[in-house]
There are 2 protein chains.
Amino acid sequence: LPELLQSVLKENDTKARELRARFQNAGVFVVSIVSGPGAGKTALLEKTLAALQPHSRVAALVGDLATEFDSERLARTGAQVRQILTGTVCHLDAEMVDTALEGWKLDELDYLFIENVGNLVCPAAYDLGEDARVVLLSVTQGEDKPLKYAPIFHGSDLAMVSKADLAHAVEFDFSAVRRNIAAVSPGVPILVVSAKTGLGMDHWFAMLAARSVTI
Amino acid sequence: LPELLQSVLKENDTKARELRARFQNAGVFVVSIVSGPGAGKTALLEKTLAALQPHSRVAALVGDLATEFDSERLARTGAQVRQILTGTVCHLDAEMVDTALEGWKLDELDYLFIENVGNLVCPAAYDLGEDARVVLLSVTQGEDKPLKYAPIFHGSDLAMVSKADLAHAVEFDFSAVRRNIAAVSPGVPILVVSAKTGLGMDHWFAMLAARSVTI
């Protein structure tokens, strides 16, 4: 299995490189979002698409095993949205992204968001050609998760601590989570947000305007 | 890959059948617990082991990619606990369980709990020889998750809705989650719990005493 997996990953890397070149040529800034189930990826994207839409051309691809709920929810913002259904596959890959983009004119887009399947393990090894990968961890999931799911935190360009409005209710320890993220991904920027209250969202929108997830 | 996966699953099924026969001969009731990251598997087990320990012989296996936090936390209850580290593998399999059990006298145990890796996708297809599989969904993860992660809800014998103490803060819709669980797994029992406040925990302990997860 490891050998086969290596050849699958190698093939994915080749396809991801092609995608990355296409995205750069088209001038579209591509952000992928990963997290476990229910950390708030769709809520974050909903607010993000709505904020960008008035002055930018925005699209999103949304991965799930099943259901079109997320794409329907995001399409209400007015952005172009497509759902990728993976069946039993626990992550997106570059080939799925490539197929889903068919017919879209990338050079008419400013931003493309890719919401991965809710999973803190499988998506880690699959490059999707994105400019930046954002990992979301909700305060309700616990401060220890970066250490337990190190590869995905290590492989992300920005760590967002989401659902900050619930931090008090779950007695969340922000310094512990900062320590744990820094331990597996030294120097990665950390942004605390709440899509519900808006906390941190202006900072996030400013990053997107600057086309960079550095703080 | 599908063919290889089928042969992997077939091998796992054979090993799981052997385990199930050993568990039954030894008279140990085996419960596995699955969920996404941070739904409260370890908190549930912590309370469960502490409640059973005084009058039963209890052990637990705990799966994680990395870190021994969960086994250390559970060992404080006095139960026998072993950590299974999976590295990059997103689920436990029957072989890992078999290896982890080495040296334990199963006929001296009343209960064995198996906490899977935090993942709502990968563990679904892997029988571990358990008597009952319990899937946990926390109220903070959202009512739609049973429809999105149907196989794991379909393959479980009991669905627990956890962190009920946060239901009000997240405006959780219990009838929606009941409807969604019933849609993918008709007739599966549903138990609402909070390890923090104790809600539903007596019902859970009564199930364990009866060695059955039916309500």
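Scroll up to find the structure this text is about.
Keep in mind that this is a model prediction, so the values were computed, not measured.

Trainee: Which residues make up the interface of chain B and chain A, and what are the values?
Mentor: Between chain B and chain A, the residue contacts involve 32 residues of the former and 32 residues of the latter. In this assembly, chain B packs against chain A so that about 2,700 Å² is buried in total across both faces, 64% of it on carbon and sulfur atoms. Counting the surface chain B buries against chain A, the share from its top three residues, B:Pro37, B:Val121 and B:Lys148, is 22%. On the surface where chain B and chain A come into contact, there are 6 salt bridges. Two residues, A:Lys148 and B:Asp70, come together in a salt bridge whose shortest N-O distance is 2.6 Å. In this structure, the connection of chain B to chain A is made through 14 residue pairs in polar contact (both at pLDDT 80 or more). Across the side of chain B that touches chain A, the residue classes break down as 16 nonpolar, 8 polar and 8 charged.

Trainee: If you had to explain the sheet that holds strand S7 (residues 190–192) of chain A to someone new, which residues and values would you point to?
Mentor: Residue and element names in this part refer to chain A. If you trace the 7 strands from one edge of the open sheet to the other, you get S3-S2-S4-S1-S5-S6-S7, paired in parallel fashion. Of all strands in the sheet, those with a lone pairing partner are strand S3 (80–85) and S7, marking the two edges. If you compare each strand with its neighbour and ignore which way they point, the axes differ by 20 degrees on average. Relative to strand S4 (residues 111–115), strand S1 (residues 29–34) is paired through 5 bridges, and the arrangement is parallel. When the bridges of S4 are listed, Ile-33 appears paired with Glu-115.

Cut-offs used in this document
- Residues numbered from 1 in each chain as written.
- Chains lettered and ligands numbered in written order.
- Predicted model: local features only at pLDDT ≥ 70, side-chain atom pairs only at ≥ 80, totals over all residues.
- Heavy atoms only, no water.
- Contact = heavy atoms within 4.5 Å.
- Buried area = accessible area lost by both parts, 1.4 Å probe.
- Salt bridge = Lys/Arg side-chain N within 4 Å of Asp/Glu carboxyl O.
- Polar contact = N/O pair within 3.5 Å; in protein donor to acceptor, adjacent residues only side chain to side chain.
- Nonpolar A, V, L, I, M, F, W, Y, C, P; charged D, E, K, R; others polar.
- Pairing = 2+ DSSP bridges.
- Helix = DSSP H or I, 4+ residues; strand = E, 2+ residues; numbered from the N terminus.
- Axes fitted to C-alpha atoms, helices over the stretch in contact; angles between N-to-C directions.

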